[in-house]
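What follows is each chain in one-letter form.
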Amino acid sequence: MSKFYVTTPIYYVNDVPHLGHAYTTIAADVIARYKRLKGYEVFFLTGTDEHGQKIEKAAKAKGISPKELADSVVVNFKKLWERFNISYDHFIRTTDDYHERVVQEIFQRLYEKGDIYLGEYEGWYCTPCESFWSKSQLIEGKCCPDCGRPVERLKEKSYFFRLSTYQDKLLKFYEDNPDFVMPEFRMNEVKAFVKQGLEDISISRTTFRWGIPVPFDNEHVIYVWFDALFNYVSGIGYSTDQEKFEKFWPADLHIIGKDILRFHAIYWPAFLMAAGVEPPKRVFAHGWWTVEGRKMSKSLRNVVDPNRLIDAYGADAVRYFLMREVPFGLDGDFSHKALAHRINGDLANDLGNLLYRVLTMTIKYSDGVVPEPTEDRDRELENLCKKMIEDVDRYLDKQAFNRALESIWEVIRAANKYVDVKAPWSLYKENKREELGNVLYNLLETLRLVAVLLYPFMPVKMDEMLSQLGVESTPTVKDVAWGVLVPGTKVKKGKPLFPKLDEEEIAKKIEKEVKEAEKEEEKVEEISIEYFSKLKIVVAKVLEAERVPKTDRLIKLVLDVGSEKRTVVAGIGAWYEPQDLVGKKVLYLYNLKPRKLRGVLSQGMILAASKDDKLYLPEFPENTPVGAQVR
Ligand code: MSP
C-alpha cells in the first residue's frame, strides 16, 4: 500500500486559533481524506509550537507559566479541529518529552559532526532594547535605530548552524526537484534568495529560558525554529519508532503559509541534509486571507472567528468556501457575503436541488428504488464522471483545490441540464420505462460519485447525501468508479442538505460589524495630563530647507528650536516647496526618538494637520518667540 504523509505548521500558543490556522489545517485535512479515499496509508500531523520568547512573554503578561498558557491554548485548537472534523493522526506539542529528546539528540550530533559550532554573535547592542544591530543599521554609526540611545560593542556566545556550506547542495537539490516548492513562482523566489548567498545562522539563545536546553551547555536554549521544524520527524517516530519513521518519511507534503516559506524551503532541508535525513518531497506555500477587504487585524478577527463561522454556516460549508473561493497559493478575501453566495449558489441550488429532484423522481417513478440500467443506455454522464475522477486526481496532486471543485461542479451542472433535456416526467407519461430507468440510474450514480469525490471536502454533509442515496458505508477506493451503485438499493429523501440564506441580510449585519471593528481600531486612547506633559512641543523657525535627493516627499529642514539647531526630515514635499518654508515658524516635537530617513538623521518632527490628502502647517502671530512651548 502506498503511503502519504501530510503536515500543517505547528501553531504558536500565544494566540487563539484564527481563520489562517483553520485554512491551512482544512487544506491538509482535505488532502489526507482524499489520499485515504484513494487507498493510501495516510499520516496526518498537526500540533503546537510552544517554546520561545514570544510565548514566555505572553505567559508573563497573563501571570501564568508558559506551560500553563500552552495547556490552555492547546484545548482551543483541539476543540476547533474537532468541530471542523479534522482527521489528524497525531497532535504534537513541542513540549512533549519525546520531541525534546529528538531535538537535543540531533543538536548534539550536528555539534559533534561540526555542522553546529560555538561562535560569537558580535554586534552593536542596545541594552534597553535587548537587540543587536549591524553597523549600517545604526544612526550615525553610534545610536540604536529603535530608541536613539548609544549602543555598545558586545559579543555574545551563540551556537551557529553552518548554513553557508549548504548553499550549493540546496541549489542542486532545487534543480533536481523542481516541484519541491509550490506554487512555481515561490520556488523561483527561494532559488533567487539562496543564490544571493547564505550566512551561518545563530541557533541558540541565552537571553531567556523558555526553550529546549542545549544538551551540553545549560546556558543556552535552542532557537525556536530549530526546535519546531524537527516536529515533522519526531512526530512520526524518528529515533523512537524507527519502523514508523521509515514508512512515512520523507513527508509528501508540508502545507504552510507564505510567510514561513524560507524556514521550510531553506533551513529545513539544510538541517535534514546535515542530519543525514532525506528532505521532504514538497512544501506548498498558500496565500493570506484579508477580511471583508481589509487586513486581518485583531478586532476584525472576531468577524471571522472560526467557531462563529461554524455556528452560522456549518463546518462543511466553511470548508467548502475556503477551498473553492481562492486558488490555493494566492491571496484572497474572505467576506460573509461571498460565503453566503457560494452556499446559496453552488451548494443549495446546484447540488442540493439536483439531489432533491432526482430523489423525488426516483420515489415517484421507481418506488424509491435504484433502477436496473440496460446495456444500450446513453453514456453521457458516465463519460463526464470518468473525466471528473481523473481531473480531480490531477488537480489535487497539485493542491489545486478550486480546480478540483470546479471539475466536480461541471458535472453537477451537466446533470441538472440532463434532467431538463431528458425530462423523466415525460418518459414516465409516455410509459418509456426502460429509458426512464436508465436516466434515473445515470443521475443517481452521478450523484453518488459526486458525493464520494466531495467527501474529503465536506465529510459530514456527504455522509448525509450518500445515506439519502442508500449508501451507508464510508467511501473507499473501490467507490471511486462508475457503476458501483447497486440496482434495487432503496433511496430516502431527507431534509435539504444546505438550507438557503438571506444574503442581503447577512451583508448588512456584517457591514455594521466591520464598521464597529474599524471604530474600535481607530479608538483613541485616553491619556493623562502627565502623559501629555511628556511631549515637548515648541515653536521653531526654519533656517534652511532642501529636498532630500531622489525623493518627492521629503524635505530636510534645519531649525532654530530656541536653544540649539536641529535637523528634521519632513514628509511635506508634495505640498510645500523648500524655498517657501525658509523663515516660517513651525511646531516642533522636540523629544521624539531620532531616526534615520534616507541616510539623514532626523531629530524630532514638525507637526502639521491633514485631511483628505491635504496638508496644513499651523500659522503663528508675528511675535511668537522661537522656543515657546505648547502646553
Ligand atoms: N509556529 C510557526 C510555524 C512552525 S512550523 C514548524 C508559526 N505559527 S503561527 O501560528 O504563527 O502561524 C501559523 C500559520 O497561519 C502560518 O502558516 C501562517 O501563514 C498562517 N496565517 C496567519 N495569518 C493568516 C492569514 N491572514 N491568512 C492565511 N493564513 C495565515 O508560524
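A. A look at the sheet that holds strand E13 (residues 283–286). Overall, parallel pairing links the six strands, which are arranged E3-E2-E1-E12-E13-E7 in an open sheet. What marks the edges here is a single partner per strand, and that holds for strand E3 (90–93) and strand E7 (181–182). Where strand E1 (residues 3–12) meets strand E2 (residues 41–49), eight bridges bridge the pair, whose relative direction is parallel. Along E2, the bridge assignment pairs Lys3 with Glu41. Along the sheet, helix H1 (residues 19–37) makes contact with E1, E2, strand E12 (253–257) and E13, crossing E1 at roughly 165°.

B. Broad picture of the packing of aromatic side chains. Counted according to the given criterion, the structure contains 42 aromatic pairs. Ring centres of Tyr23 and Phe328 lie 5.5 Å apart, and the angle between their planes is 70°; on these two criteria the pair is classed as edge-to-face. Here Phe328 lies in the loop between helix H13 (315–324) and strand E15 (332–334) and Tyr23 lies in helix H1, a separation of 305 residues in the sequence. Under the relative-accessibility criterion, Tyr23 is labelled buried at 1%. The buried category is assigned to Phe328, whose relative accessible area is 9%. Residues Phe161 and Tyr166 carry aromatic rings whose centres are separated by 5.7 Å and whose planes lie at 15° to one another, so their mutual orientation is stacked. Among the residues examined, Phe161 registers a relative accessible area of 0% and is labelled buried. Seen from the ring of Phe91, Lys78 lies directly overhead, with NZ or CZ sitting 4.9 Å from the centre. A cation sits over an aromatic face here: Arg394 above Tyr395, 5.0 Å from the ring centre.

C. Fine view of the site of the ligand. The environment of the ligand is formed by 23 residues, the closest being Ile10, Asp49, Gly257, Asp259 and Trp289. Contact distances for the ligand include 2.8 Å between a nitrogen atom and a backbone N or O atom of Ile10. One of the side-chain nitrogen or oxygen atoms of Asp49 is found 2.7 Å away from a nitrogen atom of the ligand. The fraction of the free accessible surface of the ligand (680 Å²) that becomes covered by protein chains is 93%.

D. Structural detail: the sheet that holds strand E11 (residues 217–222). Read across the open sheet, the three strands follow the order E9-E11-E10; overall the sheet is antiparallel. Since the sheet does not close on itself, it has two edges, and those belong to strand E9 (204–205) and strand E10 (213–214), each with one partner. Examined bridge by bridge, E10 and E11 share two bridges and lie antiparallel to one another. The residue bridging Pro213 from the neighbouring strand is Val221, located in E11.

E. Here's a closer look at the packing of helix H15 (residues 380–397) against helix H16 (residues 401–422). Following both chains from N to C, one finds H15 and H16 inclined at 170°, their axes separated by 8 Å at the closest point. As judged from the angle between their axes, H15 and H16 are roughly antiparallel. Residues Glu380, Leu381, Leu384, Cys385, Lys387, Met388, Asp391, Val392, Tyr395 and Leu396 of H15 form the contact with H16, whose participating residues are Phe401, Arg403, Ala404, Ser407, Ile408, Glu410, Val411, Ala414, Ala415 and Tyr418. Partitioned by chemical class, the residues of the contact of H15 with H16 number 14 nonpolar, one polar and five charged.

F. Broad picture of the pattern of salt bridges. Counting across every chain of the model gives 42 salt bridges. Note that Lys3 and Asp252 form a salt bridge whose closest N and O atoms lie 2.7 Å from each other. With Lys3 in strand E1 and Asp252 in the loop between helix H9 (242–248) and E12, this pair connects stretches of sequence that are 249 residues apart. As far as burial versus exposure is concerned, Lys3 and Asp252 are alike and both buried.

G. Region of the structure containing the pairing of strand E6 (residues 152–161). Of the pairings in the sheet, the one linking strand E4 (residues 116–126) to E6 comprises 10 bridges and is antiparallel in character. Across the sheet, Tyr125 pairs through a bridge with Glu152, a residue of E6. Relative to strand E8 (residues 201–202), E6 runs antiparallel, the two being bridged by two bridges. Bridge pairing in E8 places Phe161 opposite Ile201.

H. Highlighting the pairing of strand E19 (residues 585–589). Most of E19 sits inside the fold, with four of its five residues counted as buried. Two strands pair when backbone bridges link them, and strand E16 (residues 537–547) and E19 are joined in this way by five bridges, in the antiparallel orientation. Note on E19: the bridge partner recorded for Ala540 is Val586.

I. How the structure looks around the nonpolar core. With 117 residues, the main nonpolar core has Phe84, Leu322, Met323, Ile408, Leu454, Phe457 and Met462 as its most contacted residues. Each of domain 1 (3–286) and domain 2 (335–479) gives at least three residues to this core. Once residues within four sequence positions are removed from consideration, Leu454 is found in contact with Leu351, Leu405, Ile408, Trp409 and Met462. Grouped together as the second largest cluster of nonpolar side chains are 62 residues, Val103, Tyr174, Val181 and Ala274 included.

Quick notes on the rules
- Residues numbered from 1 in each chain as written.
- Predicted model: local features only at pLDDT ≥ 70, side-chain atom pairs only at ≥ 80, totals over all residues.
- Heavy atoms only, no water.
- Pairing = 2+ DSSP bridges.
- Helix = DSSP H or I, 4+ residues; strand = E, 2+ residues; numbered from the N terminus.
- Contact = heavy atoms within 4.5 Å.
- Axes fitted to C-alpha atoms, helices over the stretch in contact; angles between N-to-C directions.
- Phe/Tyr/Trp six-rings, centres within 6.5 Å; stacked < 30°, edge-to-face > 60°.
- Buried < 20%, exposed > 50% of the residue type's maximum accessible area, 1.4 Å probe, protein only.
- Lys NZ or Arg CZ within 6 Å of the ring centre and 35° of its normal.
- Near = heavy atom within 4 Å.
- Polar contact = N/O pair within 3.5 Å; in protein donor to acceptor, adjacent residues only side chain to side chain.
- Areas by Shrake-Rupley, 256 points an atom, 1.4 Å probe, with all protein chains shown as cover.
- Parallel < 35°, antiparallel > 145°, perpendicular 65-115°, else oblique.
- Nonpolar A, V, L, I, M, F, W, Y, C, P; charged D, E, K, R; others polar.
- Salt bridge = Lys/Arg side-chain N within 4 Å of Asp/Glu carboxyl O.
- Core = buried A, V, L, I, M, F, W, Y, C linked by side-chain atoms within 4.5 Å.
- Domains from an automatic or database assignment.

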